[in-house]
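# Close look at the chain arrangement
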Amino acid sequence: MNRKIHMMAVLLFLSIAMLAGCSEKEEKAAEKEINNKTEKTSEKKATEKIPEAPKELEDMIKQHPGVLMEKYMNPKLEGLSGWAGYDYINFYKDEFQPLAEKEIKSYFSKNKDLSSQEIYNYLVYQLASGQYESYYEQLLSYEHGYEMPELPSGPDEIEEEKKPKKTNVVILVDASGSMKAEVDGGVKMDLAKETIKKFTDDLPDDTSVSLFAYGHIGSGDDSDKAKSCEGIEEAYPLKVYEEAAFDASLNSFKASGWTPLAGAIDKANELLSKYPESEYENIVYIVSDGVETCGGDPVAAANKLSDKNIKAKLNIIGFDVDDKGQQQLMKVADAGNGKYATVRDKASLEDQVLKKWRPTIGQLVWTQGVSGQDYIDAQKRMNDIYNPLFHISTNEGNRIRNAVYFLQQNNLIPREIGNEVIDLADASAELRNEHFKKIKEEKQAEAERVQKEINAKVEAWKQQWRDEIN
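How each quantity is defined
- Residues numbered from 1 in each chain as written.
- Predicted model: local features only at pLDDT ≥ 70, side-chain atom pairs only at ≥ 80, totals over all residues.
- Heavy atoms only, no water.
- Helix = DSSP H or I, 4+ residues; strand = E, 2+ residues; numbered from the N terminus.
- Buried < 20%, exposed > 50% of the residue type's maximum accessible area, 1.4 Å probe, protein only.
- Contact = heavy atoms within 4.5 Å.
- Areas by Shrake-Rupley, 256 points an atom, 1.4 Å probe, with all protein chains shown as cover.
- Salt bridge = Lys/Arg side-chain N within 4 Å of Asp/Glu carboxyl O.
- Disulfide = S-S within 2.5 Å.

## Some remarks on the overall build of the chain
- Scanning the chain for helices and strands turns up 17 helices and 8 strands.
- Residue burial in the chain is summarised as follows: out of 470 residues, 42% are buried.
- Counted over contacts in the chain with a minimum sequence separation of 6, partners at least 24 positions apart contribute 81%.
- Of the roughly 26300 Å² of accessible surface on the chain, a fraction of 50% belongs to carbon and sulfur atoms.

Next comes the structure, spelled out in structure tokens:
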């Protein structure tokens, strides 16, 4: 009896072991099948993730950077031209291309029999520039900057211009906390003071000068806002320029608090209200790095400044200002019948203040047309936008072309299919470049037309009134 029980126990154990073994084998087989399905699904999803390459120009311009470009390329190099363009070429050949070819080879080793469009989609997905939109917007908004000077048009106006007028110059300096920031060349507040000093040193001896600081009281904290917004101070009272006293006034304040721009313009208005346009030429200059932060309306304040009998002109330098600040300061300068310019560093600040502001002193502007320097400046600004745009487009096409050559040489795609991909890349590059070139030529033609028109009118005016002026 005991032996039978023992045998039954052994048989039961063996049965359980066999069932467990089968179950384990079945589980492993099921797991393997799931893994195979997952891998196939992953490969399929990887292929599906490749987006269609843009065909329309608008979509090309908005194209995001390619995966490999974003990972390995220095975007500052891609738009370089001339001798500097070799920096891109060397970086591309020595560092970027080997990494890109490794990635591309891996993909096409696993993905066979793709159409030319599918290959092109993948190469754009990996190698697209992604830098078009910023340059393109600059190209569209480019303006030559040529302006028709004010030319008296009749004998009465000529006689009026011949009457001697005294000149009042009021300088408003933004001393808000953001002026403590650094730009190329130094701290914004220090650079502004240095440049204003050079500007006032060279004013005509009979020019009266006033210096206001605003935003220099308190701090940028909310608790100091009221005090800071009310803190607008005439550091140098309106009088003939005295170097030592003016220097002391410049050094009497530091960048600190909020930005009461409208309040500062109102102070200039109060000061100049005693000096009618019939006897004085009143000019207000502002150096600022931001928008009004004290709740005032600087555009309305500028309108008052130009509408009264003082008819002051309001010129503004935007020092390293963001887009929002530029838009506001442009409107303020326009309301004040003046000019606005943006500068980013020490060199451009000095160039704008010392070369562009001075001609307005003593009624010099209306005797000049478009100078050679104005033309050179306009051309340079255009080239600084167009050249990078052209080169990033051309370089994108070349990257795709080189990738195709690599795939053909390694027998990863058929030669005829590769040639079709190159045709797609060339067509896209041509579409972009022709469009960019057309806009450039239209902008240049308009600049040339305006230049000729201004110079012709100025020359005709000089010829007509030469005897009366002399």
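## Some thoughts on the pattern of salt bridges
- The final tally for this structure, using the stated rule, is 19 salt bridges.
- Its salt-bridge partner being K197, residue E243 comes within 3.1 Å of it at the nearest N-O pair. Highlighted residues: E243 in helix α11 (residues 243-250) and K197 in helix α9 (residues 188-201), separated in sequence by 46 residues.
- Classification of E243 as partly exposed rests on a relative accessible area of 45%.

## Structural notes on the state of the cysteines
- Taken as a whole and judged by the stated rule, the model has 1 disulfide.
- Covalent S-S linkage joins C229 and C294, the inter-sulfur distance amounting to 1.9 Å. Linking C229 and C294, the disulfide has an S-S dihedral of approximately -85 degrees and is accordingly described as left-handed. Here C229, found in helix α10 (residues 225-230), pairs with C294, found in the loop between β6 (280-288) and α13 (298-307); they are 65 residues apart in sequence, far enough to count as distant.

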